[in-house]
Amino acid sequence: MLTPAPKFTVERLTFATLTELPNTWQNSDYKALLVKMNYDNPDAISEAELKEMCLMSFTDLEPREAAEVVLGYLYPEELNAGQIENLSHQMLTEKLWEENPELPLHKGFYQATQLLHDAYNGTFPATKAVEFQVKCTAENPADLALFADEPAAPLVRLLAPGLPANALINRLFSSQVEGDKFEEAKSMLWQLSTKEKTDNSITFDVVSSAYWLEDFKYADTYEATTHADAAVPAEE
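Each chain has its residues counted from 1, running along the sequence as written. With the structure being a predicted model, the display of local features is reserved for residues of pLDDT at least 70 and the display and counting of side-chain atom pairs for 80 or more, all residues being used for whole-chain, interface and lining totals. In computing side-chain values, all of the structure's heavy atoms are included and hydrogens and water are not.

Draft legend 1. Broad picture of the overall build of the protein. The number of helices and strands found in the protein is 11 helices and five strands. Across its three principal axes, the protein shows a C-alpha extent of roughly 70 × 40 × 35 Å. Throughout, exposure labels follow a simple rule: accessible area from a 1.4 Å probe, protein chains only, divided by the maximum for the residue type, with under 20% read as buried, over 50% as exposed, and the rest as partly exposed. Every one of the 236 residues in the protein was classed for burial, and the buried ones make up 44%. Throughout, a residue-residue contact means that at least one pair of heavy atoms, one from each residue, lies within 4.5 Å. Pairs at least 24 residues apart make up 71% of the contacts formed inside the protein by residues separated by at least 6 positions. For the area figures, the Shrake-Rupley method with a 1.4 Å probe applies, and any residue is considered shielded solely by the protein chains shown. Of the roughly 12,400 Å² of accessible surface on the protein, a fraction of 46% belongs to carbon and sulfur atoms. Put simply, DSSP H or I for four residues or longer makes a helix, DSSP E for two residues or longer makes a strand, and each gets a number counted from the N terminus.

Structure follows, in C-alpha cells:
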C-alpha cells in the first residue's frame, strides 16, 4: 500500500515587489570593490558615504569595465576572464538573472545588475524581485520534517500549484516538481528564512526573482502535496 503524499494548506500572507535584494551589498563589499578599482585608502571613507563613493567610482569607468569589476568580485572562482568579458557585454542589454542558463549564478547576476543600474542611471536593465511570506500547515504535523534539511525543493513543489499552469516553473520544471530531484529549487529561492513555526505549521519568508514567482501574488489559500528530494546514497 502506497503511503499518501504529505498534504499541506498553503496560505500567502504577504507579497511585495523589490528592486534591491535585502542585505546583499554590505559596506565590506563596497570597500572591496573600491580596492579593485584602485581607490586609495577606502578605509578612510565614512560608512555613510561608502556606497555613494563606490557608485561614483564606477562612473569613472566604461559601463562594460565596471561590469567586469563586479562580476570578477562576485565570481572569482566560478568565472574565468573570458567568461567575465563576454558576460560584461551581455549585462548591458540582457537580464542575465533570467536569461543565462546557469541558475546558480542568477542571484549574483541580479545583484551586479542592480548595483550597476543604480550607478549608471538606467544604462543597465532594471531589476525586479519579489518577497512574500507563505504559511504551510501540515495535515499531519510530522510532515513538517520535510523542511528540516533542504527546504527549497519541497517548498517550491508546494508553491507550484499556486501558480498558473503556464508559469515557468510549471512549464519548464514539471518533471522536477513531480520527481525525486529538484536541484534547481535552491537557485530559484534567493533568500529563504523561517519566520514562525508551530506544532503543525511553518511560515517562510521568500525572496526570489519576479521571473519565477511574480504570479504567486495572485495565489489564494489552497491545498497541495509535496515531498523532499530523494536521499543521495552514501558512497561505499
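Having seen the model, we can carry on.
Draft legend 2. Spatial organisation of the pairing of strand β3 (residues 189-197). The pairing criterion for strands is at least two bridges between them, as found by DSSP. Alignment of β3 against strand β4 (residues 201-209), held across seven bridges, turns out to be antiparallel. Across the sheet, residue Gln 191 finds its bridge partner in β4, namely Val 207.

Draft legend 3. A look at unusual backbone geometry. Within the chain, Asn 23 stands out as a residue other than glycine whose phi angle is a positive 60°. Notably, Asn 121 is not glycine yet its phi reads approximately 55°, a positive angle. Exposure remark for Asn 121: the relative accessible area of 73% places this residue in the exposed category.

Draft legend 4. Representation of the packing of helix α1 (residues 27-36) against helix α2 (residues 50-58) within the structure. Axes here refer to lines fitted to C-alpha atoms; in helices the fit is confined to the stretch in contact. Angles between the N-to-C directions go from 0 to 180 degrees. Two elements in contact, α1 and α2, have axes separated by 9 Å at closest approach and are oriented at 30°. When the axes of α1 and α2 are compared, the pair comes out roughly parallel. The crossing of α1 and α2 is left-handed. Note on element contacts: α2 touches α1 through Leu 50, Lys 51, Met 53, Cys 54, Ser 57 and Phe 58, opposite Asn 27, Tyr 30, Lys 31, Leu 33 and Leu 34. With respect to orientation, any angle under 35 degrees is reported as roughly parallel, any angle over 145 as roughly antiparallel, any angle of 65 to 115 as roughly perpendicular, and every other angle as oblique. Each crossing gets its handedness from the near helix: less than a right angle anticlockwise from the far helix is left-handed, clockwise is right-handed.

Draft legend 5. Highlighting the pattern of salt bridges. Any Lys or Arg side-chain nitrogen found within 4 Å of a carboxyl oxygen on Asp or Glu counts as a salt bridge. Per the stated rule, a full pass over the model turns up eight salt bridges. The salt bridge partner of Lys 128 is Glu 214, with a shortest N-O separation of 2.6 Å. With Lys 128 in the loop between α6 (106-119) and β2 (129-138) and Glu 214 in the loop between α11 (210-213) and β5 (222-225), the pair connects residues that are 86 residues apart, well separated along the chain. A relative accessible area of 36% means that Lys 128 is categorised as partly exposed.

Draft legend 6. Broad picture of the nonpolar core. Grouping buried Ala, Val, Leu, Ile, Met, Phe, Trp, Tyr and Cys residues that are joined through side-chain atoms within 4.5 Å yields what is termed a nonpolar core. In terms of nonpolar packing, the biggest core is built from 38 residues, with Val 134, Leu 155, Ile 169, Leu 213 and Phe 216 touching the most fellow members. When contributions to this core are tallied by element, the ones reaching two or more residues are β1 (7-18), β2, α7 (152-159), α8 (168-172), α10 (185-188), β4, α11 and β5. Per-element tally for this core: the top contributor is α7, with six residues. In this view, Leu 213 contacts Phe 15, Val 130, Phe 132, Leu 159, Leu 163, Ile 169, Leu 189, Val 206 and Ser 208; residues no more than four positions away in its chain are not counted.

Draft legend 7. Broad picture of the pairing of β1. By the bridge criterion, four bridges tie β1 to β5 in an arrangement that is antiparallel. Counterpart to Thr 9 in the pairing with β5 is Glu 223. One ladder, built from 10 bridges, connects β1 with β2; its direction is antiparallel. The partner of Val 10 across the bridge, within β2, is Cys 136.

Draft legend 8. Here's a closer look at the sheet that holds β3. As summarised here, the arrangement of the five strands in space is β3-β4-β2-β1-β5, forming an open sheet in which the pairing is antiparallel. Edge positions in the sheet fall to β3 and β5, since each has one partner strand and no second. Neighbour to neighbour, the strand axes of the sheet diverge by 30° on average, direction disregarded. Two elements, β2 and β4, share nine bridges in a ladder whose sense is antiparallel.

Draft legend 9. Structural view of α2. Listed in full, the buried residues belonging to α2 are Leu 50, Cys 54, Leu 55, Ser 57 and Phe 58. Around the axis of α2, the buried residues are gathered within 160° of arc, so they sit on the same side. The elements touched by buried residues of α2 are α1, α3 (63-74) and α6. Taken from the helix axis, the directions to the C-beta atoms give the arc we talk about.

Draft legend 10. α6, seen in detail. By this rule the span expected of a helix is its residue count minus one, scaled by 1.5 Å. With 14 residues, α6 ought to run about 20 Å at 1.5 Å a step, and its terminal C-alpha atoms sit 20 Å apart, in line with that. For α6, the tally of buried residues reaches 11 of 14 residues, placing the bulk of the element in the interior. Those residues of α6 lying buried are His 106, Gly 108, Phe 109, Tyr 110, Gln 111, Ala 112, Thr 113, Gln 114, Leu 115, Leu 116 and Ala 119. Just beyond α6, the residue with positive phi is Asn 121, at close to 55°.

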